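Take a look at the letters that make up each chain.
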Amino acid sequence: MALSCQSVEETIAGILARRPVLGPVLNMFAPLLTARAALPQTLRPLLEETTLRLPEMDRERAAQGFPLLAEQPLTGIAAPLRAAAETILPLLEAQTVTRPHMDGLRRMFAVPQEEDAARERTAALEVLAEGMLNEKTAVLEKAAADAGVPLPVLLFAFGFILGPVLRALVLMRPGGDGKDAPWNADGAWRHGYCPVCGSSPSIAYLDRPVFDEKNAFLAGGGGKKHLHCSLCGTDWVFRRGACPFCEKEGNDVMEILRETKDARGERVDWCTQCRTYCPAVDLRESTGTPDMDVQAIGMLHLDMVAAGKGLHPIHPAFWNTF
Ligand SMILES: [Zn+2]
Ligand SMILES: [Zn+2]
C-alpha cells in the first residue's frame, strides 16, 4: 500500500494494546500476514524474468468496468506462484482450516518429474489464476475437485499465494500504485471493485490533509475516501456518497456506524439500499497509518456489531462470517 507506514507487527501491537481480546485471532494469523507483506519484494526478480506486466490503463475499457487484469492471459505466472507457495504453504499448515488439506494443496504447486505432467500442472496454475481474476466458477470448482480440496479452502489458500504475486506486478509498474496511479486519475475508475484485479475491498480509509513540505501550505484537505483491495492490496479513490457494492449514490445512501468510545476513526460504512458494509478508518482521527490488511481483521468487533444489525460484509472472509 502506497502510504503504509506501520509494519504488520506494529499494526498488530497497536490493535492489541487497545483490544487484547483480539489476541488469539491476530496472533494466529500474524506469521501469514507478515509473510504475505514481505513476499512482493522477494518475488519481483522472478516476475521480471517473465513477460508478465500490468497492462496500461485503457480509459475506455476502464469506463466499461473492466479491471486491468480482466481477460488477460497470465502466461508465466506459475513460477512466481510456486515461489510464493513455498513460503505460504508451511504457514497454512498451522491453520485449522487448511491443515487437513495440505496434501492436495501441495500437489497443486509441485513440479512432477515427468515433463508432460509438469507442463500440465503449470498450465493448470495459469488457468486457476485466470479463473480467480475472472470469477469463472466452473474453473475454480474443477481446480478444487482436482486437488481434492473444498472450494472455500482452495480460495482461502490460493488468495494468500496469488495476492503477493499480483502485488509485485503492481509495484513493478513505473510509479507503482502511488497517488498518481492511472486508476486514481479523475473519473478514470468509478467502481467499488479493484481496478487491477477486480476483487472486493476489505477496508476503506479516509486520508489525512496533505501538506506541501517545501512550501508549507496545505496541498489537499484530506478526507478523500480510498478502498483497499482484499487480494492485490491496490488502493483506489472512491466517492464517499456511493456504495462500493451496489454503486447507488446519493445523500442518504451511506450511513456510518461507530463505537461510542475511543473509536479513533474506526467505523463501518453501510449502505441503506443493499445493507452491505465495508469497515473504514478515518486517518484524520488517529495517529500512524496501519497496515490495511491487518487493520481489516482488527475491526472484528465492528463486524460483529454489523452482523447483529443484519448487514453483510462486502468482502466475506474468515474473520467476518459468523
Ligand atoms: Zn486487486
Ligand atoms: Zn449498496
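Preceding this section is the structure that the text describes.
Residues numbered from 1 in each chain as written. Chains lettered and ligands numbered in written order. Predicted model: local features only at pLDDT ≥ 70, side-chain atom pairs only at ≥ 80, totals over all residues. Heavy atoms only, no water.

1. Regarding the coordination of the zinc ion (ligand 1)
Stage number 1. Donor atoms from the polypeptide that coordinate the zinc ion (ligand 1) comprise Cys194 (SG), Cys197 (SG), Cys229 (SG) and Cys232 (SG), at 2.3 Å from the metal.
Stage number 2. Every donor residue of the zinc ion (ligand 1) comes from the same chain, spaced as C-x2-C-x31-C-x2-C. Here Cys232 lies in the loop between strand S4 (225-229) and strand S5 (235-237) and Cys197 lies in the loop between helix H8 (151-172) and strand S1 (201-206), a separation of 35 residues in the sequence.
Stage number 3. Given the relative accessible area of 1%, Cys232 is considered buried. (Donors = N, O, S within 2.8 Å, 3.2 Å for Na, K, Ca; no water. Helix = DSSP H or I, 4+ residues; strand = E, 2+ residues; numbered from the N terminus. Buried < 20%, exposed > 50% of the residue type's maximum accessible area, 1.4 Å probe, protein only.)

2. Notes on the layout of surface pockets
Stage number 1. As a volume, the largest pocket reaches approximately 1200 Å³.
Stage number 2. Contributing to the lining of the largest pocket are 43 residues, with Met132, Ser199, Ser200, Ser230 and His315 lying nearest its centre.
Stage number 3. Residue assignment for the lining of the largest pocket shows that the elements contributing at least two residues are helix H2 (23-48), helix H6 (115-133), helix H7 (137-147), H8, S1 and helix H9 (292-297).
Stage number 4. Sorting elements by how many residues they give to the lining of the largest pocket places H8 first, with seven residues.
Stage number 5. Here the residues of the lining of the largest pocket are counted per class, giving 26 nonpolar, twelve polar and five charged.
Stage number 6. There is about 660 Å³ of room inside the second largest pocket.
Stage number 7. Along the wall of the second largest pocket there are 28 residues; nearest its centre are Lys179, Asp207, Lys224, His226 and Val237. (1 Å grid on protein atoms, 1.4 Å probe; cavity = no way out; pocket = protein on both sides within 12 Å on 5 of 7 lines; lining within 4 Å. Points joined across faces, edges and corners; volume = space filled by probe spheres on them. Nonpolar A, V, L, I, M, F, W, Y, C, P; charged D, E, K, R; others polar.)

3. A look at the environment of Thr11
Stage number 1. Looking at the element boundaries, Thr11 is found in helix H1 (residues 8-18).
Stage number 2. Each C-alpha atom of the pair Thr11 and Ala145 lies 37 Å from the other, and the pair is 134 residues apart in sequence.
Stage number 3. In contact with Thr11, other than residues within four places in its own chain, are Gln6, Pro290, Asp291, Val294 and Gln295. (Contact = heavy atoms within 4.5 Å.)

4. A few points about the nonpolar core
Stage number 1. In terms of nonpolar packing, the biggest core is built from 94 residues, with Leu81, Phe109, Phe158, Leu162, Trp183 and Val196 touching the most fellow members.
Stage number 2. When residues in this core are grouped by element, the largest group, 14 residues, is from H8.
Stage number 3. Mapped onto the domain boundaries, this core takes at least three residues apiece from domain 1 (20-172) and domain 2 (182-313).
Stage number 4. Contact partners of Val196, with chain neighbours within four places excluded, come to Leu54, Pro67, Leu68, Leu69, Val170, Trp183, Cys232 and Thr234. (Core = buried A, V, L, I, M, F, W, Y, C linked by side-chain atoms within 4.5 Å. Domains from an automatic or database assignment.)

5. What about the pattern of salt bridges?
Stage number 1. By the definition in use, this model includes 14 salt bridges.
Stage number 2. Note that Lys225 is salt-bridged to Asp269, the shortest N-O span being 2.8 Å. Note that Lys225 is positioned in strand S4 and Asp269 in strand S7 (residues 266-271), a separation of 44 residues in sequence. Of the two residues examined, Lys225 and Asp269, each falls in the buried class.
Stage number 3. Through salt bridges with shared partners, a single network forms among Arg18, Arg19 and Glu266. (Salt bridge = Lys/Arg side-chain N within 4 Å of Asp/Glu carboxyl O.)

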